[in-house]
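Read off the chains here:
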Amino acid sequence: MASIPTDSLFPSRTAPPVAAKAVAGARLVSIDALRGFVMVLMLLDHIREAFLLWVPIGDPVDALTVAPDSFFSRMTSQICAPVFVALTGLGAYLYAQKHSKGETVAFLLKRGIFLVLLELTVVNFVWRAEFPFTIVYLQVIWAIGLSMIVLAGLIRLPHAAIAATGVAIVAGHNLLDPIVLPPEHPFYALWSLLHERGTITLGGLPIRFSYPLLPWIGVICLGWTIGPWFARLDVTTRQRRLVLTGLAMLAGFVVLRFANVYGDTPWFVVPGSPLRTVMSFLALTKYPPSLLFVLATLGTGLLLLALFDRIADARVTGWLSVLGGAPMFFYLFHLYVLRTLYLGAVAIFGLNHGEVFGFPSIHWIWLMWVAMIVPLYFPTRWFSNLKKRRKDIRWLKYL
């Protein structure tokens, strides 16, 4: 990769380079800030899912049918899941620098099991506000939890082996796309868990594998792989590597996407509509995340991480790091707030779009998003401070 002067990209506001080794009890503001940033983007997409259900959308990034404003609103949230999962791997590596292998394995197993149970209970409940469930969706929290459990079994391998595993899975899993198993196949459930988005039935209850697991294992391994950049390198070298790697991933995305031969479903030219042609180029597969999806989102994520590392002392970075310092609390809290607001709107205004309540357009979603950011910040800050103050309450760490 060619050497690119990072100073020209992100003017430095940091002190002279110092070692970036993890210190017991310390958190890196840039990591929390990036996590907080993508959580703010996630909020926009979840508001859309709560209050724009009346708009019939099979695929929110369908370049032929979805309105451009809705398409690009959805695009802003595409970065969220890959960054969440990669930062989980990075955080696990930094945890391992302060704990033994056995303690790290136990940490990953306990947190992973907790997240899986959370997905199966309180997360599923809030999406549909029904009990008993008529369907169970296994989504991003499930994927993160299982990825942590798998990573617990990999961390005793050499670091290079974990890196190679991550690259091989992310780069190679699209070779498995032609394998499509029918529901009656004996391995259909396993294949739905790993690679093909499908639905099985257990005891009469439909279970939907919304986030096939295999590619996310690759992403969490990539997050673990860059751990030494934060634990051992000086700040300047770390930032340079983040920028160069991010740019290389974005360049790889552009080259592969133009080639149109591998890594995602082909893009196409829409006659008479340059905008929809661009939309087709940008429309990437998230379920499961394709190679091109990971290159575009994690490449952008690495550049943002370098930026937040450079402006670690900025006020906005501090605000975002508060959200990112209590991610599970924010995730659960905002989902329940949205469900409460939706049910309140139904009680006041009724079902104004058939069987659902909804806003008239995506522009109302944007307004609600802006209006909710600050009110959600203060409860999250309260909980973040509670976590720091009450180290004796061990279960708070899980949120």
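Residues numbered from 1 in each chain as written. Predicted model: local features only at pLDDT ≥ 70, side-chain atom pairs only at ≥ 80, totals over all residues. Heavy atoms only, no water.

### Observations regarding the packing of helix 1 (residues 29–51) against helix 13 (residues 315–324)
Interaxial distance between helix 1 and helix 13 falls to 6 Å at its minimum, and their mutual angle equals 75 degrees. Judged by the inter-axis angle, helix 1 sits roughly perpendicular to helix 13. Contact residues: V29, D32, A33, R35, G36, F37, M39 and V40 in helix 1; T317, L320, S321, L323 and G324 in helix 13. Split into classes, the residues belonging to the contact of helix 1 with helix 13 amount to seven nonpolar, four polar and two charged. (Axes fitted to C-alpha atoms, helices over the stretch in contact; angles between N-to-C directions. Helix = DSSP H or I, 4+ residues; strand = E, 2+ residues; numbered from the N terminus. Parallel < 35°, antiparallel > 145°, perpendicular 65-115°, else oblique. Contact = heavy atoms within 4.5 Å. Nonpolar A, V, L, I, M, F, W, Y, C, P; charged D, E, K, R; others polar.)

### What about the packing of aromatic side chains?
The full count for this structure, using the stated rule, is 22 aromatic pairs. Each ring, one from F131 and one from F133, has its centre 5.8 Å from the other, and the planes form 85 degrees; the classification is edge-to-face. Assessed through its relative accessible area of 19%, F133 is described here as buried. Here the aromatic residues F51, Y342, F349, F357, F359 and W364 are joined through ring pairs into a cluster of three or more. Sitting over the ring of Y287, R197 keeps its end group 3.8 Å from the ring centre. Against the face of F281 rests R257, its NZ or CZ located 6.0 Å from the ring centre. (Phe/Tyr/Trp six-rings, centres within 6.5 Å; stacked < 30°, edge-to-face > 60°. Buried < 20%, exposed > 50% of the residue type's maximum accessible area, 1.4 Å probe, protein only. Lys NZ or Arg CZ within 6 Å of the ring centre and 35° of its normal.)

### A few points about the nonpolar core
In terms of nonpolar packing, the biggest core is built from 115 residues, with I47, F51, F230 and Y331 touching the most fellow members. Ranked by size, the runner-up nonpolar core spans six residues in total, among them V61, A63, F71 and M279. (Core = buried A, V, L, I, M, F, W, Y, C linked by side-chain atoms within 4.5 Å.)

### With respect to helix 13
Because each turn of an α-helix spans 3.6 residues, side chains separated by three or four positions end up pointing in the same direction. Of all the residues in helix 13, the buried ones are T317, L320, S321, V322, L323 and G324. Contacts made by the buried residues of helix 13 are with helix 1, helix 12 (291–310), helix 14 (327–349) and helix 15 (362–389).

### Here we look at the pairing of strand 2 (residues 199–202)
Note: strand 2 against strand 3 (residues 205–209), four bridges, orientation antiparallel. Opposite T201, over in strand 3, you have P206 as the bridge partner. The antiparallel hairpin formed by strand 2 and strand 3 contains two residues in its connecting segment, where G203 sits at a positive phi of about 60 degrees. (Pairing = 2+ DSSP bridges.)

### Description of a positive patch on the surface
A cluster of like positive charges, contributed by K110, K388, K391, R394 and K397, occupies part of the molecular surface. Summarising the element assignment, K388 is placed in helix 15. (Patch = residues over 30% accessible without salt bridge, like charges linked within 9 Å, V, L, I, M, F, W, Y side chains within 5 Å. Areas by Shrake-Rupley, 256 points an atom, 1.4 Å probe, with all protein chains shown as cover. Salt bridge = Lys/Arg side-chain N within 4 Å of Asp/Glu carboxyl O. Lys, Arg positive; Asp, Glu negative; His and termini not counted. Charge placed at Lys NZ, Arg CZ, Asp CG, Glu CD.)

### Looking at the packing of helix 4 (residues 101–128) against helix 5 (residues 140–154)
Where helix 4 meets helix 5, the closest approach of the two axes is 7 Å, and the angle between their N-to-C directions is 155 degrees. By the angle between their axes, helix 4 is roughly antiparallel relative to helix 5. In the packing of helix 4 onto helix 5, the handedness of the crossing is left-handed. Mapping the contact onto sequence places V105, F107, L108, L109, R111, G112, I113, L115, V116 and E119 in helix 4 and V140, I141, W142, I144, G145, L146, M148, I149, L151 and A152 in helix 5. (Left-handed = near helix turned anticlockwise from the far one by under 90°.)

### Describing the pairing of strand 3
Taken together, the three bridges between strand 1 (residues 136–138) and strand 3 define a ladder with parallel strand orientation. Each bridged residue has a counterpart across the sheet, and for V136 the counterpart in strand 3 is I207.

### A word on the side chain of E119
Along the polypeptide, E119 turns up in helix 4. Summary of buried charges: E119 has no salt-bridge partner, and the nearest side chain of opposite charge, R197, is 11 Å away.

### Some remarks on the environment of G263
As for its placement among the helices and strands, G263 is situated in the loop between helix 10 (235–259) and helix 11 (274–282). Residue class for G263 comes out buried when judged on its relative accessible area of 3%. Taking the C-alpha atoms as reference, G263 lies 31 Å from L94; in sequence the two are 169 residues apart. With residues up to four places along the chain from it excluded, the contact list for G263 reads N174, S290, L291 and L292.

### With respect to the side chain of R339
Positionally, R339 belongs in helix 14. Although buried, R339 forms no salt bridge, and the nearest oppositely charged side chain, E49, lies 8.6 Å from it. Of note is the side chain of R339, whose polar atom sits 3.0 Å from the backbone oxygen of V126. Apart from residues no more than four positions distant in its own chain, R339 is found in contact with V126, W127, R128 and A129. (Polar contact = N/O pair within 3.5 Å; in protein donor to acceptor, adjacent residues only side chain to side chain.)

### Brief notes about the pattern of salt bridges
Under the criterion given, the structure shown has seven salt bridges. With its nearest N and O atoms 2.9 Å apart, the salt bridge here joins D45 to R48. In this pair, D45 and R48 both sit in helix 1, three residues apart, roughly one turn of the helix. Exposure remark for D45: the relative accessible area of 6% places this residue in the buried category. According to the relative accessible area criterion, R48 is buried, its value standing at 12%.

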